[in-house]
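Observations on the three-dimensional arrangement
Residues per chain are reported as follows:
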Amino acid sequence: MIGAFVGIFEAQFSQCFWAHEEAALGLWTDCGSSLQVALLDMNKTEAESLMQTLTKQYGQERLLFLHCDVEQEEQVKAAFQKTMDTFGGIHILCNNAGILNESTWEKMISVNLVGVIRATYLVLEHMNKLKGGQGGVIVNTASLAGIGPLVSCPVYTASKHGVVGFTRAMSAASALSGYGVRVNCLCPGFVQTGLFSNIPARLGPFSHLKDGTQLLVEKFGIVNMSQVVEAFFELVTDETKDGAALLVFQQERKYMPAVSVTD
Ligand SMILES: NC(=O)C1=CN([C@@H]2O[C@H](COP(=O)(O)OP(=O)(O)OC[C@H]3O[C@@H](n4cnc5c(N)ncnc54)[C@H](O)[C@@H]3O)[C@@H](O)[C@H]2O)C=CC1
Ligand SMILES: CCCCC/C=C\C=C\C(=O)C/C=C\C/C=C\CCCC(=O)O
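This report concerns the structure included in the present document.

The rules behind each value
Residues numbered from 1 in each chain as written. Chains lettered and ligands numbered in written order. Predicted model: local features only at pLDDT ≥ 70, side-chain atom pairs only at ≥ 80, totals over all residues. Heavy atoms only, no water. Pairing = 2+ DSSP bridges. Helix = DSSP H or I, 4+ residues; strand = E, 2+ residues; numbered from the N terminus. Axes fitted to C-alpha atoms, helices over the stretch in contact; angles between N-to-C directions. Near = heavy atom within 4 Å. Polar contact = N/O pair within 3.5 Å; in protein donor to acceptor, adjacent residues only side chain to side chain. Areas by Shrake-Rupley, 256 points an atom, 1.4 Å probe, with all protein chains shown as cover. Nonpolar A, V, L, I, M, F, W, Y, C, P; charged D, E, K, R; others polar. Contact = heavy atoms within 4.5 Å.

What follows is about the sheet that holds strand S3 (residues 92-95). In spatial order, the strands read S3-S4-S5-S6-S7; together these five strands make up an open sheet with mixed pairing. Looking at which strands have only one partner, the edges of the open sheet turn out to be S3 and strand S7 (253-255). When strand polarity is set aside, the average angle formed by the axes of neighbouring strands in this sheet is 20°. Where S3 lies against strand S4 (residues 136-141), four bridges are found, and the strand directions are parallel. Bridging across to S4, Ile92 finds its partner in Val137.

What follows is the structure, encoded as structure tokens:
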């Protein structure tokens, strides 16, 4: 799991992860009798306190924290290798790291889109059945802004549309190539996290559009973190889902079909 320590997934992810252990274990025959989680993040401070809590609850042998910046290829590569050496395999990758700052837009593309592509290509080296892997599933965290425009955030919108497009094409490429790896994405609405705070400062040249965005927040409402985590597990455990974009609203979740231009 990349981008694991604050925000949408934080501690709830792990609690929910073990609640879904049986369903997830059923998918891969070589998993052994329990699931293990490697948490990759660049935030060491948050990591240390959360790891203390989680290891008390679930045991040290089932958890691994690896400091890793998705912008740094060698760090991501080393983190996956360490996960392989410690747990013996990787079956699920959650690409969740993301930032929102329209002022530093090149960095935003680098973390939100390039980081997802980088981690996907590197993890396929371990998951791909053609390379001796056991197959698996990748879930990328996009956003409702991956489907429609978040007007005050054009580059954030572009990065998330990129994640949805990459997910759909990568899923088809993996299936046609026989990799045995499903690729899906999550598209949550607004969630109350650090990314959602101090918004006017994050909108850069479009801070004057913040009132319109606030109207969107009122229209869509706020999604609970637990709703996002449940949606994540649906994408992991439902083997019919490949190339899916799952929208998570306050009242419901639903799949967004891709538009076909060839019919
Ligand atoms: N909060 C919201 O309303 C929504 C958020 N999202 C997406 O959900 C994902 C998680 O966001 P939140 O939990 O809200 O944000 P957050 O800021 O609370 O958490 C983001 C996590 O990613 C990590 N991270 C950031 N840059 C990194 C890097 N270069 N390398 C490794 N880790 C890095 C952070 O340390 C942190 O643990 C993001 O991709 C975001 O775009 C999608 C829809 C709505
Ligand atoms: C279909 C239209 C796009 C709607 C996008 C909906 C949700 C996206 C959420 C995110 O990915 C990003 C999270 C925070 C949003 C940033 C700005 C919100 C401004 C809120 C405010 O002005 O108080």
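Now that the structure has been shown, we can carry on.
Turning our attention to the site of ligand 2. Around ligand 2 sit 18 residues in total, of which Ser143, Tyr156, Lys210, Thr213 and Gln214 are the nearest. Contacts to ligand 2 include Gln214, whose side-chain N or O atom sits 2.6 Å from an oxygen atom. Contact with the protein chains hides 88% of the accessible area of ligand 2, taken as 640 Å² for the molecule alone. Per-element accounting of the shell around ligand 2 gives the leading share, five residues, to helix H8 (residues 210-220). For the shell around ligand 2, the per-class residue count stands at twelve nonpolar, five polar and one charged.

Our next topic: the side chain of Asn95. Among the structural elements, Asn95 can be located in strand S3. When residues no more than four places from it in sequence are discounted, the contact partners of Asn95 are Ile2, Val116, Ala119, Thr120, Ile138, Val139, Asn140 and Thr141.

Moving on, we come to unusual backbone geometry. Outside of glycine, negative phi angles account for most residues, and trans bonds account for most peptide bonds. For Asn198, which is not glycine, the phi torsion reads 50° and is therefore positive. Position of Asn198 among the secondary structure elements: in the loop between strand S5 (181-188) and helix H7 (199-202).

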